[in-house]
Amino acid sequence: DGWGEYTDAQWAKMAPWASMRMQTLWRTVAGVCGAYSRALATLAKHQEPGLTEEERHAMVRQRFHVVLAMQQYAKFADPARGSYSAHQVAAVEGLLAAFGDWLSIAFIDEEVDNDGTHRYFSCAIDRDCPMLAQAPGAPLGMRRPKYRIELPGFPILGHGKSDNQNCAIVFTRGEVLQMIDANQDAYYEASLFLPVALQEMVGSSAPQHGGRRAGILGFREHIFSDIGLLGRLAADSEFTFGTIIQRTMDWPLEARLHYGHPDVMDKLQMLQQGGVSKGTRGLNLSEDVFAGLDLALRGGWTKYREYFHVGKGRDMGFMSALSFYAKVSMGNGEQAITRQWTRLGLQLPLHRLFGVFYTHVGFYLNQVLMTSALQAFAFMCAFFALGQSLDMTFADGAVGLSSSYFGLLYFVFVVASMLPLLLETCIEEGLRAALGSVANSLLSLSPVFSAFQSKMMGFYFEATVHYGGAQYIPTGRGLATAREPFSKLFQTFAASHMQDGMELAALLLFGSAVSYEWPFYLCIVFSIFSWTFAPFLFNPRQFDSPRWAMQDLNSWAAWMCAPRGADPGASWVAWADRQQQVRRHVSALWLLWPSTRLLAACCSTALVLVIAPVGPFEPSFAWAQALLAVTPPLAHIVLCLLAAPIAGCSQGKDATVPSHVLFGLVGACVTFFEFSLIEWRTTTSMCIIFQKFIALRYLLDVADGVAARRPNCCAFAPLHDACRLWAHSWRFLRDFLLGFLLAGVCVALSCVPCLARLHAVFLFQTRPQRKARSESRPSSTTRSTTAELHDQVDNHVRRLFGKFAPQIVNAPHLAA
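Bear in mind the structure is a predicted one, so any value in this text is a computation, not a measurement. (Residues numbered from 1 in each chain as written. Predicted model: local features only at pLDDT ≥ 70, side-chain atom pairs only at ≥ 80, totals over all residues. Heavy atoms only, no water.)

Trainee: Could you give an account of the overall build of the protein, with specific residues and numbers?
Mentor: The helix and strand inventory of the protein stands at 32 helices and 11 strands. Of all 816 residues assigned to the protein, the portion counted as buried reaches 48%. The long-range share in the protein, meaning contacts at least 24 apart out of those at least 6 apart in sequence, stands at 77%. For the protein, the exposed surface amounts to about 40000 Å²; the carbon and sulfur share of it is 62%. (Helix = DSSP H or I, 4+ residues; strand = E, 2+ residues; numbered from the N terminus. Buried < 20%, exposed > 50% of the residue type's maximum accessible area, 1.4 Å probe, protein only. Contact = heavy atoms within 4.5 Å. Areas by Shrake-Rupley, 256 points an atom, 1.4 Å probe, with all protein chains shown as cover.)

Trainee: For the pattern of salt bridges, give the residues involved together with the corresponding values.
Mentor: Scanning all chains against the criterion turns up 42 salt bridges. A salt bridge links arginine 583 to aspartate 701, with the shortest nitrogen-to-oxygen separation between them at 3.7 Å. Here aspartate 701 lies in helix α27 (residues 685-707) and arginine 583 lies in the loop between α22 (572-579) and α23 (596-611), a separation of 118 residues in the sequence. One exposure class covers both arginine 583 and aspartate 701, and it is buried. (Salt bridge = Lys/Arg side-chain N within 4 Å of Asp/Glu carboxyl O.)

Trainee: A description of the sheet that holds strand β1 (residues 66-69) should follow, citing residues and the corresponding values.
Mentor: Sheet architecture is open: 4 strands sit in the order β1-β2-β3-β4, paired in mixed fashion. The two strands at the open ends of the sheet, each matched to only one other strand, are β1 and β4 (147-150). Strand-to-strand, the axes of this sheet are offset by a mean angle of 25°, without reference to chain direction. Taken strand by strand, helix α5 (residues 86-99) contacts β1 and β2 (103-112), and its axis lies near 145° from that of β2. (Pairing = 2+ DSSP bridges. Axes fitted to C-alpha atoms, helices over the stretch in contact; angles between N-to-C directions.)

Trainee: Break down the sheet that holds strand β9 (residues 216-223) for me, citing the residues and quoting the values.
Mentor: Across the sheet, 5 strands lie side by side as β5-β10-β9-β11-β6; this open sheet has mixed pairing. Two strands close off the open sheet at either side, each with one partner strand: β5 (176-178) and β6 (184-185). Where β9 lies against strand β10 (residues 264-266), 2 bridges are found, and the strand directions are antiparallel. In the sheet register, leucine 217 faces β10, and the bridge partner there is valine 264.

Trainee: Account for a nonpolar patch on the surface, naming residues and giving values.
Mentor: On the surface, Leu401, Tyr405, Leu408, Leu409, Phe411, Val412 and Val415 cluster together into a nonpolar patch covering about 700 Å² of accessible area. Structurally, leucine 409 can be placed in helix α16 (residues 395-429). (Patch = residues over 30% accessible without salt bridge, like charges linked within 9 Å, V, L, I, M, F, W, Y side chains within 5 Å.)

Trainee: Describe the environment of serine 205, and please don't skip the residues or the numbers.
Mentor: The residue serine 205 is located in the loop between α8 (194-199) and β7 (208-209) in this model. On the accessibility criterion, serine 205 (46% relative accessible area) is partly exposed. Within the structure, the side chain of serine 205 is placed 2.8 Å from the side chain of glutamine 199, a separation counted as a polar contact. (Polar contact = N/O pair within 3.5 Å; in protein donor to acceptor, adjacent residues only side chain to side chain.)

Trainee: Could you give an account of the packing of helix α21 (residues 546-561) against helix α28 (residues 717-750), with specific residues and numbers?
Mentor: Their axes nearest at 8 Å, the elements α21 and α28 cross at an angle of 170°. On the basis of their axis angle, the class for α21 and α28 is roughly antiparallel. Contact residues: Pro546, Ala549, Met550, Leu553, Trp556, Met560 and Cys561 in α21; Phe732, Asp735, Phe736, Gly739, Phe740, Ala743, Cys746, Val747 and Ser750 in α28. The residue inventory of the contact of α21 with α28, partitioned by class, reads 13 nonpolar, 2 polar and 1 charged. (Parallel < 35°, antiparallel > 145°, perpendicular 65-115°, else oblique. Nonpolar A, V, L, I, M, F, W, Y, C, P; charged D, E, K, R; others polar.)

Trainee: So what's going on with unusual backbone geometry? Residues and values would help.
Mentor: For the peptide bond that leads from tryptophan 251 to proline 252, omega is 10°, which places it in the cis range. Notably, cysteine 754 is not glycine yet its phi reads approximately 70°, a positive angle. You can see cysteine 754 is positioned in the loop between α28 and α29 (755-764).

Trainee: Let's hear about the packing of helix α18 (residues 446-467) against helix α19 (residues 486-510): which residues, and what values?
Mentor: Contact pair α18 / α19: the axes reach a minimum separation of 10 Å and the direction vectors enclose 120°. The angle between α18 and α19 falls in the class oblique. For α18 against α19, the interelement crossing comes out right-handed. Across from Phe452, Lys455, Met456 and Phe459 in α18, the residues of α19 making contact are Phe493, Ala495, Ser496, His497 and Asp500. For the contact of α18 with α19, the class distribution of residues is 5 nonpolar, 2 polar and 2 charged. (Left-handed = near helix turned anticlockwise from the far one by under 90°.)

Trainee: Describe the side chain of arginine 143, naming the residues involved and giving the relevant values.
Mentor: In this structure, arginine 143 sits in the loop between β3 (118-125) and β4. For arginine 143, the side chain forms a polar contact with the main-chain oxygen of arginine 127, separated by 3.2 Å. For arginine 143, the contacting residues outside a window of four places in its chain are Tyr73, Glu93, Leu96, Ile125, Asp126, Arg127, Cys129, Pro130, Met131 and Leu132.

Trainee: Outline the packing of aromatic side chains, supporting the account with residue identities and numerical values.
Mentor: Evaluation of the coordinates by the stated rule reveals 49 aromatic pairs. With a centroid separation of 6.0 Å and an interplanar angle of 90°, the aromatic rings of phenylalanine 486 and tryptophan 556 are classed as edge-to-face. With a gap of 70 residues between them, phenylalanine 486 in helix α19 and tryptophan 556 in helix α21 connect regions that are remote in the sequence. Under the relative-accessibility criterion, phenylalanine 486 is labelled buried at 1%. Residue tryptophan 556 is classed as buried on the basis of its relative accessible area of 0%. Look at tyrosine 516 and phenylalanine 520: their rings are 5.2 Å apart centre to centre, the planes differ by 35°, and that puts the pair in the tilted class. It is arginine 27 that lies over the ring of phenylalanine 224; its NZ or CZ is 3.8 Å from the centre. (Phe/Tyr/Trp six-rings, centres within 6.5 Å; stacked < 30°, edge-to-face > 60°. Lys NZ or Arg CZ within 6 Å of the ring centre and 35° of its normal.)

Trainee: How would you summarise the confidence of the model for the protein if you had to cite specific residues and measurements?
Mentor: Averaged over all residues, the pLDDT of the protein equals 85, while 88% of them reach at least 70. The secondary structure element of the protein with the lowest average pLDDT is helix α32 (residues 812-815), at 42, and the one with the highest is β1, at 96. Per-residue pLDDT stays below 50 along residues 771-794; that stretch engages in 9 contacts with residues further than four places along the chain or on separate chains. Scored below 50 in pLDDT, residues 811-816 shows 6 contacts in the model against residues more than four places distant or in partner chains. (pLDDT = per-residue confidence, 0-100.)

Trainee: Tell me about the pairing of β1, and name the residues and values.
Mentor: Of the two faces of β1, only one is covered, namely that formed by Val66 and Leu68; the face formed by Val67 and Ala69 stays uncovered. In the sheet, β1 pairs with β2 via 4 bridges, with the strands oriented parallel. Residue pairing in the sheet places alanine 69 in a bridge with alanine 106 of β2.

Given below as structure tokens:
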């Protein structure tokens, strides 16, 4: 493939060059060590001109120290362990060789005594630590720790990050800590302001409130990952949050807490409250914010300044960016039930409580309310359209309200989400640049991404508050140029977005009998498009080839029809069961109150009872037909109850159940037969179908709640299996119809000429490299096809970087 042609010396030069152009640990360490040390040396040169260069260097070493928390070092550096990695050890040695004057590495070591007792140690190494005895065949080994402190027990209480930070604090010096994440960078010009930043925390000039200095000092960040469409959208979001939003949170809201990095923290105050972050698994998923919460509860305060900044990289792909928002949303859902937020809500003054609430938990609650409002308006659209034959005095007012104000309020919500970016860009670069930035965002379909992001944040926040089960999601920071398969996108976003989008579309069809004006339909259709098609719109190379689209369709169909297995990526049944696992330890009262679907089922049933009333009981077929019109579709439930004992209590908990495909088809046939028994009339048919649809939605939630709780006694096992069979049948039919429609649209679009090229321009604002002209090629016949291909790829990447990061391609060391 051409990579083997490089020599070791070329790799030694290429690896640091590539690392400095991606979001890597090497770039972070090089930036902080290089920029900070050079800036401090420059200041020392002008403040102490009588010192020699060696004396200034020694002075800087006394005042500047970087502790790198590398929790896994003992595992991959010890040749005696199976996880030994010579490549990773070589990278660590490269860091120590290049930045050893300022760098120490903290890690956690494990030792097993003769009696089997596990002992854990917090260790630190630096460049001066000797190598331990190397194992045969291992080119590099582990260094002997300079400091080794035994811990009282297993230190990993949470997801690892918080424990990693807290175990490294003991090896830091001084009273001030700056927290730097592994996707950041530092700049020499900004580093010249380090003494000013330190004076905000220590010294006689440091401001104090209530006799205490600031516990947390926040700074802004420069986003260097604005490459490609999604990278720029994420960069704009982070730019807005790190400037005007945090500035407003600092004053007048007094609501700023701690959001990770590059905050400077008072080490003494952090040690008093147990460390720089909390480490309880699940509950403290967003571990950083609890440093600010505990500081506020202890009477401390924070401040924000903008004269100092560091670089930061954000996610540049659709999957990684949305994974980050999902993680943050789940973290805020767990925060909402912590004692810190309860105490803060009881103790803060009202004016400050409003700011703290909306900028944290309230923001995510607002996303839930926006999603619920869309679904409620869509239901109301269908409800009043189907009930127009009734003389409901409030119906005309509700229709007028939806027609007049819904579109306007939705437009205001979209504009409000873009207003901070417009104002901050206007302040820093002028009105022309601000309007250009907003126009570029609109042309890049930023509202589609924002609508999808809002739905995701609301979904994961609500699910975490209801069911718990928050998990840490590693997002990664790579260039998102790979094409994600259709089945993976469907598995990731079907439960959170696509299924709700399909329900919105169905409700909109039910309400087509009444005109709600174009703003209402525009907003609803926009939401449906964003929720269902955004993953494919922002997926690189999604429409490049009809053959790829057909392969996606075939692999997705095979996944849907695969038998039950343990891997959700290989079987729809396993994926569907995984979606319901969070319900196992949750009270069943969530199905009754608050339940919007139960309310919708009651309202739709009342509508049918008014339009097609059921008379007094009489043993006749006509009365049974009238009753079938208002009852949910129950025939398939009876069939599943009869089929459930086939699995049988005698076969155990892992009994094989009938195929979900077979029961889905049988369920559809049985339900159609049940519908054929109903007396259909022109005035009532749509109302009856609407009521069946709404009732089915609620019954699926009830069945999922029952199926998620495996009974211990054998008597209730058939009920559990029957609910699981019934839920799988209907959810399979729904997901198959939804996936087939979306895959069919993707196949059709992939057949459109030139759409693939337009899509590449849309995502990366660059076009594929054409074949080089024959006169521009070298005349030598020794140039291989592989080398030509490499040149084309290099030109493509160079043009991409030239568009979004010209300082990289124009750098003197690259031009040479």
